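Given next are the chains, with one letter for each unit.
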Amino acid sequence: MIDLHTHTSFSDGTDSPTELINKALASGISTIGLTDHDTVAGWDEAISHLRPRIALVPGAEISCQTEDGISVHMLGLLFDRENKELADVLEQTRENRIGRMNKIIARLNGAGYEITMSDVQEQLSDGATLGRPHLADALVAKGYLKSREEVFAELLHNNSPHYVAHYSPTPEVAIALIKAAGGVAVIAHPMASLRGRVISTETFKDYVSAGLDGIEVFHRDQSAENRELLINIASELSLVVTGSSDYHGNGKLNQLGESTTSPEEFFKLESKANARRVIKL
Ligand code: AMP
Ligand code: ZN
Ligand code: FE
Ligand code: FE
């Protein structure tokens, strides 16, 4: 089984990269993508705790925003992490998430929630990308609500008055950066409309012009109808079709391997990187 999109405690997942590798192996996964939000900080631990019979696809899920303010997640896989332009944009995004978090906290304080940045930092592992899930965990720890899901539904969803965006590159810029770093670009859950506004079907061809390689079709947040539409778009535009769990440990219900990528599609995807970067023992 091939699962190309997972998170660890280096962003808003709850398993360490070591635990991720071990659990993936136990779940029968042969190829696992590590795609923490806007960071490659988990790669080294995953590489040093790699096990026989499992291959690692190093990557990152890059937060993007369209010019119309629509949030898009771009999976960058198999890129060269030494590429300075890409590393700089990831760093800028991570830094901007701190100021953004302070703004969200101020809005929540204004609405009567007593929560501070240090409450949020307590929920974060060292070196991890800060995100709304950590704020959600802090609100749960303070007894305001019961789970991340509840906090997102009531307070932190993209259309909430408490929501603030952070600096992010456009999807076209992110794709160009991933490609220039030798990697492959796959748009993550493009039709996950429960999270907020999504791009129109016409937009995909612009991303193909920028270098897009694939579309994440099989994902729990996309309906059968969405999937059919995306498969047709992928076929028209000669894009690779992927599926993945978007596993977050205990941070979400998503289970490792619940959606997967076929070996044929993965072979096509891997061959679009400029070097062999799948890591195996
Ligand atoms: P941020 O990157 O800070 O904007 O936070 C977005 C992240 O929050 C997403 O990548 C998801 O992992 C997580 N998330 C979004 N919606 C939910 C939800 N309803 N329940 C739990 N986690 C969510
Ligand atoms: Zn996440
Ligand atoms: Fe995502
Ligand atoms: Fe994700």
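In this text, all values refer to a predicted model and were calculated from it rather than measured experimentally.

## What about the overall build of the protein?
Broken down by element type, the protein carries ten helices and seven strands. With the principal axes as the frame, the protein shows a C-alpha extent of 50 × 40 × 40 Å. Looking at the protein residue by residue over its 281 residues, the buried ones come to 54%. Taking as baseline every contact in the protein between residues at least 6 positions apart, the subset at least 24 positions apart corresponds to 72%. In the structure as shown, the protein presents an accessible area of about 12,200 Å², 49% of it carried by carbon and sulfur atoms. Between the centroid of the 26 positive side chains of the protein and the centroid of its 39 negative side chains there is a distance of 2 Å.

## So, the coordination of the iron ion (ligand 3)
Those donors, Glu 61 (OE), His 73 (ND1) and His 189 (NE2), are the protein atoms that reach the iron ion (ligand 3), and they lie 2.0 to 2.2 Å from it. When the donors of the iron ion (ligand 3) are listed by position in the chain, the intervening gaps give E-x11-H-x115-H. Separating the iron ion (ligand 3) from the zinc ion (ligand 2) is a gap of 5.7 Å. Of this pair, Glu 61 sits in strand E3 (residues 55-65) while His 73 sits in strand E4 (residues 71-77), placing them twelve residues apart in sequence.

## What to know about the sheet that holds strand E2 (residues 31-37)
Taken in spatial order, the seven strands of this open sheet run E1-E2-E3-E4-E5-E6-E7, and their pairing is mixed. Single-partner strands in this sheet number two, and they are strand E1 (2-3) and strand E7 (240-243). Note that strand E5 (residues 184-188) and strand E6 (residues 214-218) share two bridges and pair parallel. The residue of E6 that forms the bridge with Ile 187 is Ile 215. Running at roughly 5° to E4, helix H7 (residues 171-180) makes contact with E3, E4 and E5 of the sheet. Against the sheet, helix H9 (residues 224-236) touches E6 and E7, its axis set at about 155° to E6.

## Points about the environment of Thr 116
On the secondary structure map, Thr 116 appears in the loop between helix H3 (84-110) and helix H4 (117-121). Between the C-alpha atom of Thr 116 and that of Leu 135, which follows or precedes it by 19 residues, the distance is 9.3 Å.

## A look at the pairing of E7
Burial along E7 is two-sided: the residues Val 240 and Thr 242 and Val 241 and Gly 243 are all buried. Strand direction decides the pairing type here: E6 and E7, joined by four bridges, are parallel. Following the sheet pairing, Phe 218 is matched in E7 by Gly 243.

## Here's the deal with a negative patch on the surface
On the surface, Glu 67, Asp 68, Glu 172 and Asp 206 cluster together to form a negatively charged patch. With respect to the helices and strands, the residue Glu 172 is situated in helix H7.

## Concerning the coordination of the zinc ion (ligand 2)
Every protein donor of the zinc ion (ligand 2) is accounted for by Asp 12 (OD), Asp 12 (OD), His 37 (NE2) and His 248 (NE2), and the metal-donor separations fall at 2.0 to 2.6 Å. Counting gaps between the donor residues of the zinc ion (ligand 2) yields the pattern D-x24-H-x210-H.

## Description of the site of ligand 1
Every residue lining ligand 1 is accounted for by Asp 12, His 37, His 73, Arg 97, Arg 100, Gly 131, Arg 132, Pro 133, Glu 149, Phe 152, His 248 and Lys 252. Within the side chain of Asp 12, one N or O atom sits 3.1 Å away from an oxygen atom of ligand 1. Taking Arg 132, its main chain carries an N or O atom lying 2.8 Å from an oxygen atom of ligand 1. Within the complex, the protein chains bury 86% of what would otherwise be the 500 Å² of accessible surface of ligand 1.

## Points about the packing of aromatic side chains
Overall, the coordinates contain two aromatic pairs when judged by the stated rule. Aromatic pair Trp 43 and Phe 79: ring centres 5.2 Å apart, planes at 45°, arrangement tilted. Separated by 36 residues along the polypeptide, Trp 43 in helix H2 (residues 43-48) and Phe 79 in the loop between E4 and H3 bring together distant segments of the chain. Comparing Trp 43 with Phe 79 shows no difference in burial state: the two are buried. With a centroid separation of 5.0 Å and 70° between ring planes, the pair formed by Tyr 113 and Tyr 144 is classed as edge-to-face. You can see Tyr 113 sitting in the loop between H3 and H4 and its partner Tyr 144 sitting in the loop between helix H5 (132-141) and helix H6 (148-156), a full 31 residues away along the chain.

What counts and what doesn't
Residues numbered from 1 in each chain as written. Chains lettered and ligands numbered in written order. Predicted model: local features only at pLDDT ≥ 70, side-chain atom pairs only at ≥ 80, totals over all residues. Heavy atoms only, no water. Helix = DSSP H or I, 4+ residues; strand = E, 2+ residues; numbered from the N terminus. Buried < 20%, exposed > 50% of the residue type's maximum accessible area, 1.4 Å probe, protein only. Contact = heavy atoms within 4.5 Å. Areas by Shrake-Rupley, 256 points an atom, 1.4 Å probe, with all protein chains shown as cover. Lys, Arg positive; Asp, Glu negative; His and termini not counted. Charge placed at Lys NZ, Arg CZ, Asp CG, Glu CD. Donors = N, O, S within 2.8 Å, 3.2 Å for Na, K, Ca; no water. Pairing = 2+ DSSP bridges. Axes fitted to C-alpha atoms, helices over the stretch in contact; angles between N-to-C directions. Patch = residues over 30% accessible without salt bridge, like charges linked within 9 Å, V, L, I, M, F, W, Y side chains within 5 Å. Salt bridge = Lys/Arg side-chain N within 4 Å of Asp/Glu carboxyl O. Near = heavy atom within 4 Å. Polar contact = N/O pair within 3.5 Å; in protein donor to acceptor, adjacent residues only side chain to side chain. Phe/Tyr/Trp six-rings, centres within 6.5 Å; stacked < 30°, edge-to-face > 60°.

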